[in-house]
Amino acid sequence: MYLCLIPALTFLVVFSYYPFFSAFYHSLFKWDGVNSTFVGFKNFIDLVSDERLGPSTKNIFILTSAGVFFALTLPLIAAVFIHNLKSEKMSTVYRFLFTMPLVIPWVVTVLVWQFLYDPLDGPINRFLIAVGYPEFVRAWLADPDIAIFAIALIGGGGTGVGFPFVAGLNLLVYLSGLNNISSEVKEAAILEGATSWQMFRNIELPLIKTQIRINLVMTIITQLQTFHTIILLTRGGPGYSTMVPGMAMFQDAFEFSRMGYASAIGVVLFVIMLVITLIANNRLRTSTDFDPN
């Protein structure tokens, strides 16, 4: 029986544990991928004076905040709507429609948004001109004042979010929690005269705190390490207005051949994600208390 676990353990060690320890080891070196010189914690010290640190910190905060908002609110509203549908057929239809974007490659979604933001032929600017507001026309991805907010509108810059900004995976997580709530609990609340809002606030919401925690942690981890959208749309520009740590790590590793410095950025990101995950797990403990009155 234990022999059956060897393939899974091998993949876990090779693709999960080894990369982290390798990154930490190489973060102590000036390493270009071939040659290495031990420098201790110099790479981490240099991070403090990196001119990209300030813009990256601000931008990742904006993108993570937007991503958390989109992941925790809109999928929850959609999940509650689907869960409370009386028709099983319509419930299936809506689940299909909301999760269909999951099978669409994320690069397609990003390229669609690139077309929408096009300063010359983009539908957004054309619509603004058509309704009589040409003063609001912008080069959305080329204006350093608004470029990061334009990216934040794409679900925070992460992947898997499509119109109307309901991430299919988050929706399914919420639905699994709502479907596991005992029908006896709901029936008791109805007999006590609970309204739909009271049912949601005092019963459904407390009983899906585990699902909220899962979505929160997954979203934060995804947003902190993401640069997929940015590398396709802006590459961190104009200037450093859309620079994020993941993009900086990519540039140092594959454009500047500073693998050791890039490893240091990766280690710092890992520590930040670990701390946030521990805090989220501690704060959002599952609660089964409810008050239908």
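Every chain begins its residue count from 1, and numbering advances along the sequence as written. Note on the predicted model: pLDDT of at least 70 is required for a residue's local features to be given, and 80 or more for side-chain atom pairs to be given and counted; whole-chain, interface and lining totals, by contrast, use all residues. Neither water nor hydrogens contribute to the side-chain values; these are computed over all heavy atoms in the structure.

(A) Structural detail: the overall build of the protein. In DSSP terms, a helix is any run of H or I states spanning at least four residues, a strand is any run of E spanning at least two, and both are numbered starting from the N terminus. Assigned secondary structure in the protein consists of 15 helices and two strands. With the principal axes as the frame, the protein shows a C-alpha extent of 70 × 65 × 35 Å. Exposure is judged per residue with a 1.4 Å probe applied to protein chains only, and the accessible area is read against the type maximum: over 50% gives exposed, under 20% gives buried, and values in between give partly exposed. Burial status across the protein gives 41% buried among its 293 residues. What makes two residues a contact is simply this: any of their non-hydrogen atoms within 4.5 Å. For the protein, restricting intrachain contacts to residue pairs at least 6 apart in sequence, the fraction spanning at least 24 positions comes to 68%. Only the protein chains shown count as cover for residues, and the accessible areas themselves come from Shrake-Rupley with a 1.4 Å probe. Counting every atom, the protein has about 16,900 Å² of accessible surface; 69% of that belongs to carbon and sulfur. For the protein, the centre of its 17 positive side-chain charges and the centre of its 18 negative side-chain charges are spaced 3 Å apart. By the counting scheme adopted, Arg and Lys are positive, Glu and Asp are negative, and His together with the chain ends is not counted. Each charge is placed at NZ for Lys, CZ for Arg, CG for Asp and CD for Glu.

(B) Helix 1 (residues 6-26), seen in detail. To get the bend at a given residue, fit one axis to the seven residues ending there, fit another to the seven starting there, and take the angle between those axes. Approximately 40° is the largest bend angle found in helix 1, and it occurs at Tyr-18, with the proline Pro-19 only one to four residues beyond. Among the residues of helix 1, those classed as buried are Ser-22, Ala-23 and His-26. Those residues of helix 1 that are buried are in contact with strand 1 (29-31), helix 2 (42-49) and helix 15 (259-283).

(C) Region of interest: helix 3 (residues 53-72). By this rule the span expected of a helix is its residue count minus one, scaled by 1.5 Å. Compared with an ideal rise of 1.5 Å per residue, which puts 20 residues at 28 Å, helix 3 spans 28 Å between its outermost C-alpha atoms and is within 8% of the ideal. Buried-residue contacts for helix 3 involve helix 4 (74-83), helix 8 (147-152), helix 9 (168-179), helix 12 (209-225), helix 13 (228-233) and helix 14 (245-255).

(D) Quick peek at the packing of helix 14 against helix 15. Between helix 14 and helix 15, the shortest axis-to-axis distance is 7 Å and the interhelical angle comes to 160°. With respect to helix 15, the axis of helix 14 lies roughly antiparallel. Classified by chirality, the crossing of helix 15 by helix 14 is left-handed. Here helix 14 contributes Pro-245, Gly-246, Ala-248, Met-249, Asp-252 and Ala-253 to the contact with helix 15, which in turn contributes Met-259, Tyr-261, Ala-262, Ile-265, Gly-266 and Leu-269. Each residue gets one label: Ala, Val, Leu, Ile, Met, Phe, Trp, Tyr, Cys and Pro are nonpolar, Asp, Glu, Lys and Arg are charged, and the others, such as Gly, are polar. For the contact of helix 14 with helix 15, a count of residues per class yields nine nonpolar, two polar and one charged. Every axis corresponds to a line fitted to the C-alpha atoms, with the helix fit spanning only the stretch in contact, and the corresponding angles, defined between N-to-C directions, vary from 0 to 180 degrees. Orientation is classified from the angle alone, with under 35 degrees giving roughly parallel, over 145 giving roughly antiparallel, 65 to 115 giving roughly perpendicular, and any other angle giving oblique. For a crossing to be left-handed, the near helix must be turned anticlockwise from the far one by less than a right angle; the clockwise case is right-handed.

(E) Region of interest: unusual backbone geometry. A cis geometry characterises the amide bond from Gly-237 onward to Pro-238, with omega recorded as -5°. Within the chain, Arg-235 stands out as a residue other than glycine whose phi angle is a positive 55°. Arg-235 sits in the partly exposed class, given a relative accessible area of 40%. Phi is positive for Ser-257, which is not a glycine, with a value near 55°. Tracing the chain through its elements places Ser-257 in the loop between helix 14 and helix 15.

(F) Seen up close, the environment of Pro-55. For Pro-55, the location among the structural elements is in helix 3. Sequence spacing of Pro-55 and Phe-38 is 17 residues, and the spatial spacing of their C-alpha atoms is 29 Å. Ignoring any residue separated from it by four or fewer positions in sequence, one finds Pro-55 in contact with Tyr-240 and Met-243.

(G) Examining the environment of Ala-150 more closely. Among the secondary structure elements, Ala-150 is positioned in helix 8. With relative accessibility at 6%, the residue Ala-150 sits in the buried group. Along the sequence, Ala-150 and Tyr-117 sit 33 residues apart, while their C-alpha atoms lie 8.3 Å from each other. Residue contacts for Ala-150: discarding those within four places in its chain leaves Tyr-117, Trp-140 and Leu-141.

(H) Structural view of the packing of helix 12 against helix 15. Their axes nearest at 10 Å, the elements helix 12 and helix 15 cross at an angle of 165°. Looking at the two axes, helix 12 sits roughly antiparallel to helix 15. With respect to the hand of their crossing, helix 12 and helix 15 are arranged in right-handed fashion. Facing Arg-213, Leu-216, Val-217, Ile-220, Ile-221, Leu-224 and Gln-225 of helix 12, the residues of helix 15 in contact are Leu-269, Ile-272, Met-273, Ile-276, Thr-277, Ala-280 and Asn-281. Residue composition of the contact of helix 12 with helix 15, grouped by class: 10 nonpolar, three polar and one charged.

(I) Structural view of the confidence of the model for the protein. pLDDT measures how confident the predictor is about each residue, on a scale from 0 to 100. Mean pLDDT for the protein: 86, with 93% of residues reaching 70 or above. Counting interchain partners and residues more than four positions distant, the pLDDT-below-50 stretch residues 286-293 has 21 contacts.

(J) Structural view of the packing of aromatic side chains. Ring pairs are drawn from Phe, Tyr and Trp, using the six-membered ring of Trp, whenever the two centres fall within 6.5 Å, and their geometry is named by plane angle: stacked under 30 degrees, edge-to-face over 60, tilted for the rest. Under the definition given, this model contains 14 aromatic pairs. Where Phe-11 meets Phe-15, the ring centres are 5.6 Å apart and the plane angle is 15°; that geometry is what we call stacked. Separated by four residues within a single helix, Phe-11 and Phe-15 lie in helix 1, roughly one turn from each other. Here Phe-11 falls in the exposed class, since its relative accessible area comes to 54%. Where Phe-81 meets Tyr-94, the ring centres are 5.2 Å apart and the plane angle is 80°; that geometry is what we call edge-to-face. Taken together, the residues span a long stretch of sequence, with Phe-81 in helix 4 and Tyr-94 in helix 5 (residues 88-99) at a distance of 13 residues.

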